[in-house]
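Architecture at a glance
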Amino acid sequence: MTDIKPQEQTQLSESIKTALGKARQKTATVARIDTGLFAFNVITPAVATFLAGLTSIVGGNNLIPPAESIISDGGWRLACILVAAFSFVATIGSAFKKPFEDRLSRGNQCVGRLLSLDLAMTAGNRSREETSWEYGEIVRNYPDFVS
């Protein structure tokens, strides 16, 4: 193992810690969005199903009486429109979920690698060259999380 000059070790360690802080922050933001999309993708189809079930039990015109007074079978039509709209929104929402799942996974990988590198640096069981090379690899593979 090559001796690391204290100043070089400090600079590299600070770079790793800075990148780790950025990666944690960006990953936490992606996690919040992913959680919100998950809730959205559970709630919207549930509302559509509940509304469809309630409409079939109560009857569209009884469920939405003002619509019946405007148009014949207006309550049924409005209930069907609402069910269709919630179903459509749920389908579109699910298309946005997958990219955030992938991004969250990449963010967690980046944070894990940086944590491992920071620990190895702190323990002193890697040379400066090995540490610099791996840090460079992380920066190249996860630029959206460390920059």
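Note: the structure precedes this text.
What this report covers is the structure whose coordinates are included nearby.

Cut-offs used in this document
Residues numbered from 1 in each chain as written. Predicted model: local features only at pLDDT ≥ 70, side-chain atom pairs only at ≥ 80, totals over all residues. Heavy atoms only, no water. Helix = DSSP H or I, 4+ residues; strand = E, 2+ residues; numbered from the N terminus. Polar contact = N/O pair within 3.5 Å; in protein donor to acceptor, adjacent residues only side chain to side chain. Contact = heavy atoms within 4.5 Å. Axes fitted to C-alpha atoms, helices over the stretch in contact; angles between N-to-C directions. Parallel < 35°, antiparallel > 145°, perpendicular 65-115°, else oblique. Left-handed = near helix turned anticlockwise from the far one by under 90°. Nonpolar A, V, L, I, M, F, W, Y, C, P; charged D, E, K, R; others polar.

All right, on to the side chain of Asn61 then. Here Asn61 lies in helix α2 (residues 60-63). Here Gly75 takes part through its backbone nitrogen, which lies 3.0 Å from a polar atom of the side chain of Asn61. Apart from the residues lying within four places of it in its own chain, the contact partners of Asn61 are Glu68, Asp73, Gly74, Gly75 and Trp76.

On to the packing of helix α4 (residues 74-123) against helix α5 (residues 128-141). Where α4 meets α5, the closest approach of the two axes is 11 Å, and the angle between their N-to-C directions is 165 degrees. Judged by the angle between their axes, α4 and α5 are roughly antiparallel. In this structure, the crossing between α4 and α5 has a hand that is left-handed. Contact with α4, carried on its side by Arg106, Cys110, Arg113, Leu114, Leu117 and Met121, involves Thr131, Glu134, Tyr135, Glu137, Ile138 and Asn141 of α5 and no other residues of that element. Looking at the contact of α4 with α5, its residues break down into six nonpolar, two polar and four charged.

For the rest of this paragraph, the subject is the environment of Gly107. Among the structural elements, Gly107 can be located in helix α4. Taking the C-alpha atoms as reference, Gly107 lies 9.5 Å from Val146; in sequence the two are 39 residues apart. Once you skip the residues sitting within four places of it in the chain, Gly107 turns out to touch Thr27 and Phe145.

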